[in-house]
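Observations on chain architecture
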Amino acid sequence: MSVSVEPTSEPMPEGTSGESPASASGRAPARVGGVAEEGGASGGGEALRPHAEHAFAAELAALAAQDDRPRPVRWRLSPWAVATYLLGGTLPDGTVITPKYVGPRRIVEVAVTTLATDRALLLLGVPGTAKTWVSEHLAAAVSGDSTLLVQGTAGTPEEAIRYGWNYAQLLAHGPSRDALVPSPVMRAMAEGMTARVEELTRVPADVQDSLITILSEKTLPIPELGQEVQAVRGFNLIATANDRDRGVNELSSALRRRFNTVVLPLPESADAEVDIVSRRVDQIGRSLDLPAVPEGIEEIRRVVTVFRELRDGITADGRTKLKSPSGTLSTAEAISVVTNGLALAAHFGDGVLRASDVAAGILGAVVRDPAADRVIWQEYLEAVVREREGWKDFYRACREVTV
């Protein structure tokens, strides 16, 4: 006997936003305030970080209006339109779709195509390769809702993936439909939508394996009620995993077979990484009323250069080998350093991003191990930064916060 699961909250008007639902209950949180401006990231709303489907509602609507290609059942857009939403482009009517992911097109095409089949998608990569960002935008474009989310941690219970119980109802009336609390995954199965599981390899192995029946049989048994939830067409699941977490909670071979794995690489070139950092900092900065990015593009390029050289263990010209610190020095961390620098420039400077604004942030990102990493950083400053033409102000700023 199968059972349908009704949504646990009333649908909210388009354009509202709130916090991501990471609880085990699976209930969508109340979305209070935060109306996003049309055509891009939120500008004047109250939400600090609107969900993708609200922040880019105008772009999604424009794509849907002009999308004449076949759409899988319950998809808001065709696979072609979903890929265009992520990679950017210009529509026939002149509408510009901003890139959400800067990287190889084939990676996005494989990810989108996977979701159109009965195989789940696993986005794998080092920290800061936009796994969460890509999964959110894929869910927003495919299902129009990116909030059916399970946040994986060492303490994630099985109820977060299967279902839980309202214990007041359970004690008063015993197991019943009214006492059952569906997880985000159960809701996605019942409604034919896309569920997301973040940091899957952080989840305990026995909890991970609760996904096997869901992904292979497309059903979720509820033995307490003698019922089951069968996934309807349109359901799929996107999981992310950090390959730095190998050995923490490895996926079983049975579970890994249920996923099509797509590896998200680090940006291929410095120019590509500068473009990514500039775009994201600009979006974040507008929501925080920070100075415009173009005025600080030179400092962004410096931050990216430092991160790439230390990450790769060699200078950009290939002449000097370097020791790499213990941190990941990811693109996401570069975005954080620049955003913090812009805030310093706005509130304690003249509004222009300078070397002194990013120096402390770089030090914090590079020196994770106070002993070993500090030596590596000081060697890099003296051997590379000090001798680099046009970097004297950057060298002085970094020395001031390092000593």
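Preceding this section is the structure that the text describes.
Cut-off values and rules
- Residues numbered from 1 in each chain as written.
- Predicted model: local features only at pLDDT ≥ 70, side-chain atom pairs only at ≥ 80, totals over all residues.
- Heavy atoms only, no water.
- Helix = DSSP H or I, 4+ residues; strand = E, 2+ residues; numbered from the N terminus.
- Buried < 20%, exposed > 50% of the residue type's maximum accessible area, 1.4 Å probe, protein only.
- Areas by Shrake-Rupley, 256 points an atom, 1.4 Å probe, with all protein chains shown as cover.
- Phe/Tyr/Trp six-rings, centres within 6.5 Å; stacked < 30°, edge-to-face > 60°.
- Lys NZ or Arg CZ within 6 Å of the ring centre and 35° of its normal.
- Core = buried A, V, L, I, M, F, W, Y, C linked by side-chain atoms within 4.5 Å.
- Contact = heavy atoms within 4.5 Å.
- Salt bridge = Lys/Arg side-chain N within 4 Å of Asp/Glu carboxyl O.
- Axes fitted to C-alpha atoms, helices over the stretch in contact; angles between N-to-C directions.
- Left-handed = near helix turned anticlockwise from the far one by under 90°.
- Nonpolar A, V, L, I, M, F, W, Y, C, P; charged D, E, K, R; others polar.
- Parallel < 35°, antiparallel > 145°, perpendicular 65-115°, else oblique.
- Polar contact = N/O pair within 3.5 Å; in protein donor to acceptor, adjacent residues only side chain to side chain.
- Pairing = 2+ DSSP bridges.

For the rest of this paragraph, the subject is the overall build of the protein chain. A tally of regular secondary structure across the protein chain gives 16 helices and 11 strands. Relative to its 403 residues, the protein chain shows a buried fraction of 50%. Of the accessible surface of the protein chain, which amounts to about 18,100 Å², a share of 51% is contributed by carbon and sulfur atoms.

What follows is about helix α7 (residues 184-191). Among the 8 residues in α7, 6 count as buried, and that is most of the element. Those residues of α7 not exposed but buried are Pro184, Val185, Met186, Arg187, Ala188 and Met189.

So, on to the packing of aromatic side chains. Scanning all chains against the criterion turns up 4 aromatic pairs. The ring centre of Phe56 lies 5.0 Å from the NZ or CZ of Lys100, which sits over that ring. Between Arg280 and the ring centre of Trp133, over which it is positioned, the NZ or CZ distance is 4.0 Å.

Before going further, it helps to examine the nonpolar core. Ranked by size, the top nonpolar core spans 38 residues in total, and within it Val306, Phe307, Ile362, Trp377 and Phe394 carry the most contacts. Of all the secondary structure elements, the ones that give two or more residues to this core are α11 (270-287), α12 (297-312), α13 (331-348), α14 (355-366), α15 (372-385) and α16 (392-402). A total of 7 residues in this core trace back to one element, the largest contributor, which is α14. What Phe307 contacts, discounting residues up to four positions off in sequence, is Leu329, Ser330, Glu333, Ala334, Val337, Ile362 and Ala365. Residues Leu148, Met189, Ala241 and Phe259 belong to the second largest nonpolar core, which totals 35 residues.

By the definition in use, this model includes 20 salt bridges. The partner of Glu333 in a salt bridge is Arg368, with the nearest N and O atoms 2.3 Å apart. In this pair, Glu333 is assigned in helix α13 and Arg368 in the loop between α14 and α15, connecting sequence segments 35 residues apart. For Glu333, a relative accessible area of 14% corresponds to the buried category. In this structure Arg368 comes out as partly exposed when scored by relative accessible area, which is 47%. The salt bridge partner of Arg354 is Asp350, with a shortest N-O separation of 2.5 Å. Counted as one network, the salt bridges with shared partners bring together Arg105, Arg106 and Glu109.

Two elements in contact, α12 and α13, have axes whose closest approach is 10 Å; the angle formed by their N-to-C orientations is 145 degrees. Handedness of the crossing formed by α12 with α13: right-handed. In contact with Ile300, Val303, Phe307 and Arg311 of α12, α13 contributes Thr331, Glu333, Ala334, Val337 and Val338. Across the contact of α12 with α13, the residue classes tally to 6 nonpolar, 1 polar and 2 charged.

This part covers the packing of α15 against α16. The interhelical angle for the contact between α15 and α16, taken along N-to-C directions, is 155 degrees, at an axis separation of 11 Å. Between α15 and α16, the angle falls in the class roughly antiparallel. Pair α15 / α16 crosses with left-handed handedness. In this structure, α15 uses Arg374, Trp377, Gln378, Leu381, Glu382 and Val385 to contact α16, whose residues at the interface are Phe394, Tyr395, Cys398, Arg399 and Thr402. The residue inventory of the contact of α15 with α16, partitioned by class, reads 6 nonpolar, 2 polar and 3 charged.

Quick look at the side chain of Arg388 now. By the secondary structure assignment, Arg388 is in the loop between α15 and α16. A distance of 2.8 Å separates a polar atom in the side chain of Arg388 from a polar atom in the side chain of Glu309. Excluding its chain neighbours within four sequence positions, the residues that come into contact with Arg388 are Thr305, Glu309, Thr315 and Tyr380.

What follows concerns the pairing of strand β3 (residues 120-125). Where burial is concerned, most of β3 is hidden: 6 out of the 6 residues are buried. Of the two faces of β3, the one carrying Ala120, Leu122 and Leu124 and the one carrying Leu121, Leu123 and Gly125 are both buried. Bridge analysis of β3 against strand β11 (residues 259-263) gives 5 bridges, and the strand direction is parallel. Note on β11: the bridge partner recorded for Ala120 is Phe259.

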